[in-house]
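Structural characterization, general
Residue strings, one per chain:
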Number of protein chains: 2
Amino acid sequence: MSEVESFFKSAFSVDNVIFGFDGGDLKVLLIQRGAAPYRGKWALPGDLVYPNEDLDTAAERVLEQLTGLRGVYLEQVKAFGAVDRHPLGRVITIAYYSLIKIDDYAVTPASFAQSARWHDFAHIGELAFDHNEILETCLKQLKHKVRMAPVGFELLPPKFTLTELQQLYESILETELDKRNFRKKILSMNLLIDLNEVQEGVAHRPAKLYQFDRVKYEQFVGEGFTFDV
Amino acid sequence: MSEVESFFKSAFSVDNVIFGFDGGDLKVLLIQRGAAPYRGKWALPGDLVYPNEDLDTAAERVLEQLTGLRGVYLEQVKAFGAVDRHPLGRVITIAYYSLIKIDDYAVTPASFAQSARWHDFAHIGELAFDHNEILETCLKQLKHKVRMAPVGFELLPPKFTLTELQQLYESILETELDKRNFRKKILSMNLLIDLNEVQEGVAHRPAKLYQFDRVKYEQFVGEGFTFDV
DNA sequence: CATGGTTATTGTCATTCTAACACCAATTAG
DNA sequence: CTAATTGGTGTTAGAATGACAATAACCATG
């Protein structure tokens, strides 16, 4: 094999850390591998990138094949390319994370998965390949991002309460926040629409429902505003 | 060609945005390409990744071949993988940036370069491939990084003045800073060693020379400190 | 229907951080 | 010796932060 040919004896894949939030804990959607290597092991959903496919497109495809969702929040994080990270050959992978509303998720058969399941972020065991490392890197990235851009709303249903929003931040940042200060800060941004609706069927004082005002956010950004929690 | 083979009809490269600082402007080290495609055009230094080489190692190699430097600050930024980004085939590239002390730079012949030259960041024309986009992304990353970690010192000589440090920040952040407030903030971190030396041969009051105290920084980080400018 | 359990909602004050701002000091050039 | 240049320093007003607790609204239960 010539040297030039050997350069092309390699492949690249995308792996996608799909985050969800169920009101309590931060979740990650993992698959159980249906093929070697690591058959039967839990892993991040991912696939080889097609020769005529952009990286972002490949990540979107993996997400759609598994969840049926399109147009969700997706962000590239980092390339992982240790020589020995894949036992069958030289494969570098580009890690993405995406944020989905967990209620939108519908199980979809995907060629690369025996089965798929949400896992509590806090209780994830040993994964295939270097996927534990990828997961940690993506969470670190999300921790930064969620404080500097209004991406947290991607994980919540369209109508949500301030307590839900706070719990979301607390579970991503792995810290507790002061309730009054949190509300003060969020509301002072004027980015939430008060829907004049309340929760129903809860055994306590019902909370008001809000909606994120994306139009206003874009407008404020144009005026020099930067989101900051 | 089988489908599996076609997956392996691809290559990956690294491209390195090498930043330097000469006391006035932020600089980038560019090469003039010695081979097709884009022969003669200015481009980021980069090379294909060897089959048995880690990504980080490849980036270090490119840097060393061009500058003779080892062990300098190097950080991966993002993978660029548009299908048509390379005219000769499917090549995705992993972008890195590195920070070097411009005085340490010694011209070294590199196979991939006809010639290499520092360019003012502000006056860079059209580059080969998608390298303008890569450059912009790396600067954006550096702007964030320099505010949240003491990486700016990587661009300065071991002994520097506070004015030099401020000019460095101003040129990276593309903004002006207040002299008194800047000094107050930097000195209050207790991360600079006052060398009790002053500049020599300047036609004005000589400035005091300082040195960054990496040991203290590591210690403070261990105690929960976070650098923030 | 009265009580208890549970969560939602709201404001103040002390402290800290931020941002704006101007003058004297030390040196070299001529 | 004078001019020109850059180095070095402190205060203050306003804003942001962080700590903190009592009342309101709803459902469940007896």
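Our subject is the structure that appears above.
Note that this is a predicted model, so its numbers are computed, not measured.

Topic: the relation of the copies chain A and chain B
Least-squares fitting of chain A to chain B yields an RMSD of 0.1 Å, with the transformation described by 0.0 Å of translation along the axis and a rotation of 180 degrees. Classification of the inter-copy transformation places it as that of a two-fold axis. When the interface residues of chain A are mapped onto chain B, 100% of them are again interface residues, pointing to one common binding face.

Overview of the protein's contact with DNA strand D
Taken together, the neighbourhood of DNA strand D is formed by 19 residues, with A:Val202, A:Arg205, A:Pro206, B:Thr163 and B:Lys208 sitting nearest. Per the 4 Å cut-off to the protein, sugar and phosphate atoms form 40% of the nearby atoms of DNA strand D. A:Arg205 is positioned such that a nitrogen or oxygen atom in its side chain is 3.2 Å from a base nitrogen of DNA strand D. For DNA strand D, a base nitrogen lies 3.2 Å from a polar atom in the side chain of B:Lys179.

With respect to the protein's contact with DNA strand C
A:Lys179, A:Arg183, A:His204, A:Lys208 and B:Arg205 are the nearest of the 20 residues found near DNA strand C. Expressed as a percentage, the sugar and phosphate content of the atoms of DNA strand C within 4 Å of the protein is 41%. Take A:Lys184: an N or O atom from its side chain is 3.2 Å from a base oxygen of DNA strand C. At 3.3 Å from a base nitrogen of DNA strand C is found a main-chain nitrogen or oxygen belonging to B:Arg205. Within the residue set of the surface near DNA strand C, elements represented by two or more residues are helix 5 (179-188) of chain A together with helix 5 (179-188) of chain B. The element best represented in the surface near DNA strand C is helix 5 of chain A, accounting for four residues. In the surface near DNA strand C, the residues fall into six nonpolar, four polar and 10 charged.

A look at the interface of chain A and chain B
On the chain B side, the residues contacting the 28 residues of chain A number 28 residues. Summed over both sides, the interface between chain A and chain B buries roughly 2500 Å², with carbon and sulfur atoms accounting for 66% of that surface. For the pair chain A and chain B, the interface holds zero salt bridges. Here chain A is connected to chain B by 11 residue pairs in polar contact (both at pLDDT 80 or more). Sorting the residues of the side of chain A that touches chain B by element identifies helix 1 (3-7), strand 1 (11-21), strand 5 (73-80), strand 6 (91-99) and helix 3 (131-148) of chain A as the ones contributing at least two each.

A look at the packing of aromatic side chains
The tally for this structure, following the rule as stated, stands at 23 aromatic pairs over all chains. Considering the side-chain rings of A:Phe12 and B:Phe12, the 6.4 Å spacing of their centres and the 65 degrees angle between planes classify their relative orientation as edge-to-face. Linking A:Phe12 in strand 1 with B:Phe12 in strand 1 (residues 11-21), this pair reaches from one chain into another. Overall, the relative accessible area of 2% leaves B:Phe12 in the buried class. Where B:Phe212 meets B:Tyr217, the ring centres are 6.1 Å apart and the plane angle is 50 degrees; that geometry is what we call tilted. Taking relative accessible area as the criterion, B:Phe212 reaches 12% and is therefore assigned buried. Overall, B:Tyr217 belongs to the buried group, its relative accessible area being 14%. Against the face of A:Phe80 rests A:Lys78, its NZ or CZ located 5.0 Å from the ring centre.

A short note on a negative patch on the surface
There is a patch of like negative charges on the surface, built from A:Asp54, A:Asp56, A:Glu60 and B:Asp84. Note that A:Asp54 resides in the loop between strand 4 (46-48) and helix 2 (55-67).

Cut-offs used in this document
- Sequence order as written defines the numbering, with residues in each chain counted from 1.
- All chains are assigned letters beginning at A, and all ligands numbers beginning at 1, according to the order in which they are written.
- With the structure being a predicted model, the display of local features is reserved for residues of pLDDT at least 70 and the display and counting of side-chain atom pairs for 80 or more, all residues being used for whole-chain, interface and lining totals.
- Working from all heavy atoms in the structure, the side-chain values ignore hydrogens and water.
- Least squares is the method for superposing the copies, and the C-alpha atoms it fits come from residues with pLDDT of at least 70 in both.
- Contact criterion: two residues are considered in contact whenever any of their non-hydrogen atoms come within 4.5 Å of each other.
- Here, proximity means that at least one heavy atom of the residue falls within 4 Å of the molecule or strand.
- Whenever two N or O atoms come within 3.5 Å, that pair is a polar contact, provided that in protein one can donate a hydrogen and the other can accept it, and provided that, for residues adjacent in sequence, both atoms are side-chain atoms.
- Runs of E in the DSSP output that reach at least two residues are strands. Runs of H or I that reach at least four are helices, and both are numbered from the N terminus.
- Under the scheme applied, nonpolar residues are Ala, Val, Leu, Ile, Met, Phe, Trp, Tyr, Cys and Pro; charged residues are Asp, Glu, Lys and Arg; polar residues are all the others, including Gly.
- Buried area counts how much accessible surface, traced with a 1.4 Å probe, disappears from two parts once they are put together, with both parts' losses summed.
- Take a side-chain nitrogen of Lys or Arg and a carboxyl oxygen of Asp or Glu: if they are within 4 Å of each other, that pair is a salt bridge.
- Between rings of Phe, Tyr and Trp, where Trp is taken as its six-membered ring, a pair exists when centres lie within 6.5 Å; planes separated by under 30 degrees are stacked, by over 60 edge-to-face, and by other angles tilted.
- Only protein chains enter the calculation, and the probe is 1.4 Å; a residue is then buried if its accessible area is under 20% of its type maximum, exposed if over 50%, and partly exposed in between.
- When the NZ atom of lysine or the CZ atom of arginine is within 6 Å of a ring's centre and also within 35 degrees of its normal, the charge is said to sit over that ring.
- Residues form patches when they are more than 30% accessible in relative terms and have no salt bridge. Like charges link within 9 Å. Nonpolar side chains (Val, Leu, Ile, Met, Phe, Trp, Tyr) link within 5 Å.
- Each accessible area value is a Shrake-Rupley result obtained with a 1.4 Å probe; residue values ignore everything except the protein chains displayed when judging cover.
- We treat Lys and Arg as the positive residues and Asp and Glu as the negative residues; His and chain ends play no part in the count.
- By convention, the point assigned to a charge is CZ for Arg, NZ for Lys, CD for Glu and CG for Asp.

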